[in-house]
There are 2 protein chains.
Amino acid sequence: MQKILILGAGLSSAYLIKYFLDHAAKENWFITVADANLQLAQSKVLQHKSAKAVALDVTRKTELANYIKDADIVVSLLPPALHIEAARECLHLRKNLVTASYITDEMKALHKQALKADVLFLNEIGLDPGIDHLSAMEMIHDIQNKGGVVTTFKSYCGGLVAPEFDNNPWNYKFTWNPRNVVLAGQATAKYLEDGLLKFIPPNRIFTQTEQVIVSGYGKFETYANRDSLSYIEPYGIGSAKTVLRGTLRKMGYCHAWNDLVRLGLTDDSYHVPNSAGLTYRELLCSFLSGANNKNLEVQLARFLDISVSGKTFKKIKWLGLFEPNLIGLTEVSPAQILQHLLQQKWMLQKEELDMIVMKHEIGYQWNAKNFKSHSSLVVMGESQKFTAMAKTVGLPMAIATKLILKGKIKSRGVQMPLAKEFYVPILKELSRFGIKFEYRV
Amino acid sequence: MQKILILGAGLSSAYLIKYFLDHAAKENWFITVADANLQLAQSKVLQHKSAKAVALDVTRKTELANYIKDADIVVSLLPPALHIEAARECLHLRKNLVTASYITDEMKALHKQALKADVLFLNEIGLDPGIDHLSAMEMIHDIQNKGGVVTTFKSYCGGLVAPEFDNNPWNYKFTWNPRNVVLAGQATAKYLEDGLLKFIPPNRIFTQTEQVIVSGYGKFETYANRDSLSYIEPYGIGSAKTVLRGTLRKMGYCHAWNDLVRLGLTDDSYHVPNSAGLTYRELLCSFLSGANNKNLEVQLARFLDISVSGKTFKKIKWLGLFEPNLIGLTEVSPAQILQHLLQQKWMLQKEELDMIVMKHEIGYQWNAKNFKSHSSLVVMGESQKFTAMAKTVGLPMAIATKLILKGKIKSRGVQMPLAKEFYVPILKELSRFGIKFEYRV
């Protein structure tokens, strides 16, 4: 019997745990789900005979080590900053580790020790990062194997609301960590364009958008992610003149969000004085010199150079920023106040479903001709618990874990899933769950 | 004999030390100038018989304590972050301390202990903060003493180049710490306008300027300082509906500087990859999508929505940002590269002089009528060593030190110079040195 330890039973764990439970009998697995909140862990495990839920505070190193010692592999769904604690114990106890998070410098630093210990710390095996790596590498290797040379690489992904529940002026609802959405674009974006290094400072990330069409789902717009340059070397696309990764939103979102940025509503650097006694209307007013309770609408439209009957104004108004309702929070930044408001406006309701959209565009030269390869993926949520996000984050992790347990993965050290041994079997199994790319050249 | 310990013999020390040396015989003082760089300290003391220069690394606590123990008062010209080390020793040894820096939370926390030890830690007694406090409090108290009620308070200050050496398109040269100039406006500004709290996020601090006229010196423009709200309570102007502190520049500076901000050239959050091998032209190009070596000028003008024959374009061009010259620096941020370039362009030359401009505008009601009181100060540098900046920062510190040594100051604890016992004698003596406000109602 092989033992799987899952650290964290939060948002993205539903599909992952279901996969392990469904395969437990056949694969002869025993699953331990550990969370600081025992009830949460129990709610995922239920009465399954090959699984148990336990209470675990991962900052208690001895307890953590005891659980890891007893496991064959560790799957960490912890907040990104806590993976490193699990990784250090895994190194010491020579256990494999799987996470869906970006490789941090701290994690990277364990590479040589992990190689020496003959263990694999597989990271970035969720959706984005995760499925994007798998499908990009499949496309890139296909092109290169037939003698093509990659000239452009663009990759976009977004977590959105499913079309039938897309019923607000922003065409957006939260399907993932709201704080990350509110603080998006606050670091300089770096990418490559026509062979030239390009930077976009935070003050204009949402102004420099591109349009992307996904067949059957219409037009989307994209804004640039933090660092596209760092993918050139691991993807083996040094030949590419343009490399850009971005986030997908419905049309019009970025323009309106940029106006919130310009106003100062996404500022997370200070606490608004006396915020509890302020109304949203007063807060909005405080970002506009010359604006007062009476002329706020006109002053806002003038400052943003938009019409009071236009789409952007409608989006801002719909959020309730003009309403004289009390904020009622103390010691909070403008970004935290905005998040609080958005969480009332942009929450997926019980019966509503989410949607994942991913798109790659890879240009290449082959036989002295230029080609462009497109691949796109759309995944719909199945229920409030089995969301598209939980499915696309959890299943790649689960499948990778199974492959490692079966000894089918030869990679060791700190890795992301770029090699063929990852993308071939994982994409194949994902397609059986309806996670299937459409390809077009 | 009374002993004065001066910590730091850098930029702003020339006038301060000269004042102490000139008064040493009459006042029966002995002055010790301590700096990590012994030669620098010696160059300020020369062969004066009532003074000595010593080498001191203030992070060596025992040495620092020995010098403080032997002194009657300590004047700290250290970098702001190091004052607290001196303050802790002064508290322990019950010595008075004088600095020209803003009171930090750490310094503030020593207030009760300083009161208990019956010592004065006088901070913010330079130019800005310093002379601004003295003259503002004199005006405010005058208004309040005759029964007037302050309704608006605006205060501006700038270190500029003297008009006869004002010969570049920016009408600006460095007269103070260049890094602070490059990183100015990167925190949200907070102020009060018509009774309403107002915030300006970093992305538009240089767009929201006001015009200020200083009689005899023409028009200036101003941008808002970080936190004007924090002055309402200490200044006793809770009655004011508008409170704003700002920095003065010559007309046109802020618009052009804002364009450098929009481009991303003041970004200090990341290192530019391969910066040593880049030219300034290539760096500029990297901030504009679609720009290349050939179309850069046109793309820049289009992006900034300015004319290639206009004043702002001229300012940017004059800096050398279009030149194919190698940057030649490694591991530097855009802000550090910009600073490096500006230090070649905006340096005061040997024979050139600086200028300080300060202006207060205080509105008040008196006998049911509205009045506006203006005061302005212009100080010219005397030489490369005796700059207007060194004079206006150093003399208030020196005079305050003298008053404390003579027992004429009753304040104790952590203070800024707001009380009458500071502004009356210090402004009076400053006027004898030509630091004299012009008043107008």
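Our subject is the structure listed above.
First, a word on scope: everything that follows refers to the structure included in this document.

Rules of the game
Residues numbered from 1 in each chain as written. Chains lettered and ligands numbered in written order. Predicted model: local features only at pLDDT ≥ 70, side-chain atom pairs only at ≥ 80, totals over all residues. Heavy atoms only, no water. Helix = DSSP H or I, 4+ residues; strand = E, 2+ residues; numbered from the N terminus. Rg over C-alpha atoms; globule rule 2.2 N^0.38 Å. Buried < 20%, exposed > 50% of the residue type's maximum accessible area, 1.4 Å probe, protein only. Contact = heavy atoms within 4.5 Å. Areas by Shrake-Rupley, 256 points an atom, 1.4 Å probe, with all protein chains shown as cover. Lys, Arg positive; Asp, Glu negative; His and termini not counted. Charge placed at Lys NZ, Arg CZ, Asp CG, Glu CD. 1 Å grid on protein atoms, 1.4 Å probe; cavity = no way out; pocket = protein on both sides within 12 Å on 5 of 7 lines; lining within 4 Å. Points joined across faces, edges and corners; volume = space filled by probe spheres on them. Nonpolar A, V, L, I, M, F, W, Y, C, P; charged D, E, K, R; others polar. Buried area = accessible area lost by both parts, 1.4 Å probe. Salt bridge = Lys/Arg side-chain N within 4 Å of Asp/Glu carboxyl O. Polar contact = N/O pair within 3.5 Å; in protein donor to acceptor, adjacent residues only side chain to side chain. Core = buried A, V, L, I, M, F, W, Y, C linked by side-chain atoms within 4.5 Å. Domains from an automatic or database assignment. Pairing = 2+ DSSP bridges. Axes fitted to C-alpha atoms, helices over the stretch in contact; angles between N-to-C directions. Expected span 1.5 Å × (residues − 1).

Some points on the overall build of chain A
Line of reasoning, step 1. Check the secondary structure of chain A and you find 16 helices and 16 strands.
Line of reasoning, step 2. A compact globule built from 441 residues should have a C-alpha radius of gyration of about 22 Å, and chain A, at 23 Å, falls within 12% of that.
Line of reasoning, step 3. In chain A, which comprises 441 residues, the proportion classed as buried is 57%.
Line of reasoning, step 4. The long-range fraction of contacts in chain A, counting pairs at least 24 apart against all pairs at least 6 apart in sequence, stands at 71%.
Line of reasoning, step 5. Accessible surface computed for chain A: about 18800 Å², of which carbon and sulfur atoms make up 50%.
Line of reasoning, step 6. Each charge class in chain A can be summarised by its mean position, and for the 53 positive and 41 negative side chains these summaries are 4 Å apart.

Comments concerning empty space enclosed by the protein
All names here are of chain B.
Line of reasoning, step 1. Per the stated rule, a full pass over the model turns up one cavity of 30 Å³ or more.
Line of reasoning, step 2. If you add up the space inside the largest cavity, you get close to 30 Å³.
Line of reasoning, step 3. When residues of the lining of the largest cavity are traced back to their parent elements, those giving at least two are strand 7 (149-161) and strand 12 (242-250).
Line of reasoning, step 4. Per element, the largest residue contribution to the lining of the largest cavity is three residues, and it comes from strand 7.
Line of reasoning, step 5. Across the lining of the largest cavity, the residue classes break down as two nonpolar, three polar and three charged.

Quick notes on the interface of chain B and chain A
Line of reasoning, step 1. Every contact between the two is made by 33 residues of chain B and, on the other side, 33 residues of chain A.
Line of reasoning, step 2. Of the roughly 2300 Å² buried where chain B meets chain A, counting both sides, 55% is carbon and sulfur surface.
Line of reasoning, step 3. A per-residue breakdown of the area chain B buries against chain A is headed by B:F199, B:R204 and B:S286, which together make up 23% of the total.
Line of reasoning, step 4. For the pair chain B and chain A, the interface holds zero salt bridges.
Line of reasoning, step 5. Run the count over chain B and chain A and you get 22 residue pairs in polar contact (both at pLDDT 80 or more).
Line of reasoning, step 6. Broken down by secondary-structure element, the contributors of at least two residues to the side of chain B that touches chain A are strand 8 (189-193), strand 9 (196-200), helix 10 (253-263) and helix 11 (280-285) of chain B.
Line of reasoning, step 7. Of the residues forming the side of chain B that touches chain A, the biggest block, four residues, is contributed by strand 9 of chain B.
Line of reasoning, step 8. Among the residues forming the side of chain B that touches chain A, the class breakdown is 18 nonpolar, nine polar and six charged.

A word on unusual backbone geometry
Line of reasoning, step 1. Residue A:P129 is reached from A:D128 by a cis peptide bond, and omega for that bond is 15°.
Line of reasoning, step 2. By secondary structure assignment, the location of A:P129 is in the loop between strand 6 (120-122) and helix 7 (131-145).
Line of reasoning, step 3. Notably, B:A368 is not glycine yet its phi reads approximately 65°, a positive angle.
Line of reasoning, step 4. The topology assignment puts B:A368 in the loop between strand 13 (354-366) and strand 14 (369-380).
Line of reasoning, step 5. A relative accessible area of 83% means that B:A368 is categorised as exposed.

Brief notes about the nonpolar core
Line of reasoning, step 1. A:I4, A:I6, A:F20, A:I31, A:Y235, A:I426 and A:L430 are the most contacted members of the largest nonpolar core, which has 72 residues in total.
Line of reasoning, step 2. The element contributing the most residues to this core is helix 15 (residues 388-405) of chain A, with eleven residues.
Line of reasoning, step 3. In terms of domain composition, this core takes at least three residues from each of domain 1 (2-123) and domain 2 (131-254 + 350-380) of chain A.
Line of reasoning, step 4. Formed by 71 residues, the second largest nonpolar core is a distinct cluster that contains B:I6, B:I73, B:Y231 and B:V393.

Things to note about the sheet that holds strand 15 (residues 413-415) of chain B
Residue and element names in this part refer to chain B.
Line of reasoning, step 1. With parallel pairing, seven strands are arranged side by side in an open sheet as 3-2-1-4-5-6-15. Only two strands of the sheet have a single partner each, and these edge strands are strand 3 (51-55) and strand 15. Within this sheet the neighbouring strands show an average axis-to-axis angle of 15°, counted without direction.
Line of reasoning, step 2. For strand 6 (residues 120-122) and strand 15, the ladder comprises three bridges, and the chain directions are parallel.

Considerations on helix 14 (residues 334-345) of chain B
Residues and elements named next belong to chain B.
Line of reasoning, step 1. Under the 1.5 Å per step criterion, the end-to-end length of helix 14 is 17 Å for twelve residues, consistent within 8% with the ideal 16 Å.
Line of reasoning, step 2. Within helix 14, burial applies to P334, A335, I337, L338, Q339, L341 and L342.
Line of reasoning, step 3. Looking at the packing, one finds that the buried side of helix 14 touches helix 8 (178-182), helix 10 and helix 11.

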